[in-house]
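Listed below are the residues making up each chain.
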Amino acid sequence: MIFHPLSEGSFTIDQTKEFVPFDTERDQLQERPTGSLLVEIQPFVVKTATDLLLLDTGLGFSVDGELQIHRNLRALGYAPEEVTKVLLSHLHKDHAGGIAYGEGADRKLSFPQATYYLSAQELQFAFEKGMPSYPADELQILVDHTQVRFVSDGDRIDGSIQVMHSGGHCPHHQVFLIREGEQVLFFGGDEAPQLQQMKHRFVAKYDHDGKKAQQLRQQWWEQGAKEHWTILFYHDIRQPHWSC
Ligand SMILES: [Zn+2]
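Participant: Now, about the sheet that holds strand β15 (residues 161-165): what can you tell me, with residues and values included?
Facilitator: Taken in spatial order, the six strands make up an open sheet running β14-β15-β16-β17-β18-β19, and their pairing is mixed. Of all the strands in the sheet, the pair left with one neighbour each is β14 (156-157) and β19 (241-243). Sitting on the sheet, helix α6 (residues 210-227) is in contact with β15, β16 (174-180), β17 (183-187), β18 (229-232) and β19, with an inclination near 145° to β18.

Here you go:
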């Protein structure tokens, strides 16, 4: 498998849940509100023998009228139409913002040939919670869409992609293990967002169940070492992936 991070840049986020662009060369973290987190936003594209997978979909921002995730894919030589599967860890706006684009009747899925895999409970939960965390209006397109498949803990997608419920970061968060030959890719979404959080015990206040998330990270870190996983980090500024 070949994989690439599709970086949408660095941002700070505070209690307002607003993602504010951050230039790591020029901006100072101290000048942002206290408690601001500095994160990268990077979905991943994975080329397997049979599929072009997308792991989460970014913020959904556009640059010069073009969706940033489309631009990033094209820069790597992939067309958005080539994506066959979109795997969604959860539906917070920085992960699901890019599922679709356009307004009103013109709104369409960003990956017209892809099947979108997500948790039905997470979608329900997103509608209950809404903003500032969940872009409920934007998620409406997923309801009863023929390209959507609901998956849950223990499901396997085409045999090679294992779905696991995690539920630490938000109650219905899911993670994915993708196997091909000897290679194992692990995508933990916001349960395993940055390398440092895998290496050090860290209970995050922003998680739904911080302790559970911490325990899961430790468990995956150990399992990953045994099984030689490559872990993909959605929010890591320096280290998009790590080979255990
Ligand atoms: Zn999240």
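Participant: Go over the coordination of the zinc ion, please, and point to the residues and values.
Facilitator: Each pair of donors in an ideal octahedron of six around a metal sits at 90 or 180 degrees, and each pair in an ideal tetrahedron of four sits at 109.5 degrees. Coordination of the zinc ion by the protein involves His90 (NE2), His92 (ND1), His169 (NE2) and Asp190 (OD), with metal-donor separations of 2.2 Å. Taken together, the four donor atoms coordinating the zinc ion span angles of 89 to 176° at the metal, a pattern that classifies the geometry as irregular. Sequence spacing of the donors to the zinc ion: H-x1-H-x76-H-x20-D. Both residues of the pair, His90 and His92, count as buried.

Participant: Tell me about unusual backbone geometry, and name the residues and values.
Facilitator: Trans is the common state for peptide bonds, and a negative phi is the common state for residues other than glycine. Backbone torsion omega between Met131 and Pro132 reads 10°, so that peptide bond is classified as cis. Tracing the backbone through its elements, the reader meets Pro132 in the loop between α3 (120-129) and α4 (136-139). Phi is positive for Asp144, which is not a glycine, with a value near 55°. Relative to the helices and strands, Asp144 is located in the loop between α4 and β13 (148-150). Phi is positive for His228, close to 55°, though the residue is something other than glycine. When you line up the elements, His228 lands in the loop between α6 and β18. By relative accessible area, His228 is classed as exposed at 54%.

Participant: I'd like a rundown of a nonpolar patch on the surface, residues and numbers included.
Facilitator: On the surface, a cluster of nonpolar side chains totalling about 250 Å² of accessible area is made up of Leu37, Phe202 and Tyr206. With respect to the secondary-structure elements, Leu37 resides in strand β4 (residues 37-40). According to the relative accessible area criterion, Leu37 is partly exposed, its value standing at 34%.

Participant: How would you sum up helix α1 (residues 68-75)? Please name residues and give values.
Facilitator: Every buried residue belonging to α1 is among Gln68, Ile69, His70, Asn72 and Leu73, and all of these are buried. Against β5 (44-47), β6 (52-55), β7 (62-63), β8 (66-67) and β10 (100-101) lie the buried residues of α1. Within two residues after α1, Gly77 carries a phi angle of roughly 95°, on the positive side.

Rules used throughout
Residues numbered from 1 in each chain as written. Predicted model: local features only at pLDDT ≥ 70, side-chain atom pairs only at ≥ 80, totals over all residues. Heavy atoms only, no water. Pairing = 2+ DSSP bridges. Helix = DSSP H or I, 4+ residues; strand = E, 2+ residues; numbered from the N terminus. Contact = heavy atoms within 4.5 Å. Axes fitted to C-alpha atoms, helices over the stretch in contact; angles between N-to-C directions. Donors = N, O, S within 2.8 Å, 3.2 Å for Na, K, Ca; no water. Tetrahedral: all angles 85-135°; square planar, octahedral: opposite > 155°, others 65-115°. Buried < 20%, exposed > 50% of the residue type's maximum accessible area, 1.4 Å probe, protein only. Patch = residues over 30% accessible without salt bridge, like charges linked within 9 Å, V, L, I, M, F, W, Y side chains within 5 Å. Areas by Shrake-Rupley, 256 points an atom, 1.4 Å probe, with all protein chains shown as cover. Salt bridge = Lys/Arg side-chain N within 4 Å of Asp/Glu carboxyl O.

Interpretation note: all reported values are geometric properties and have no functional meaning in isolation.
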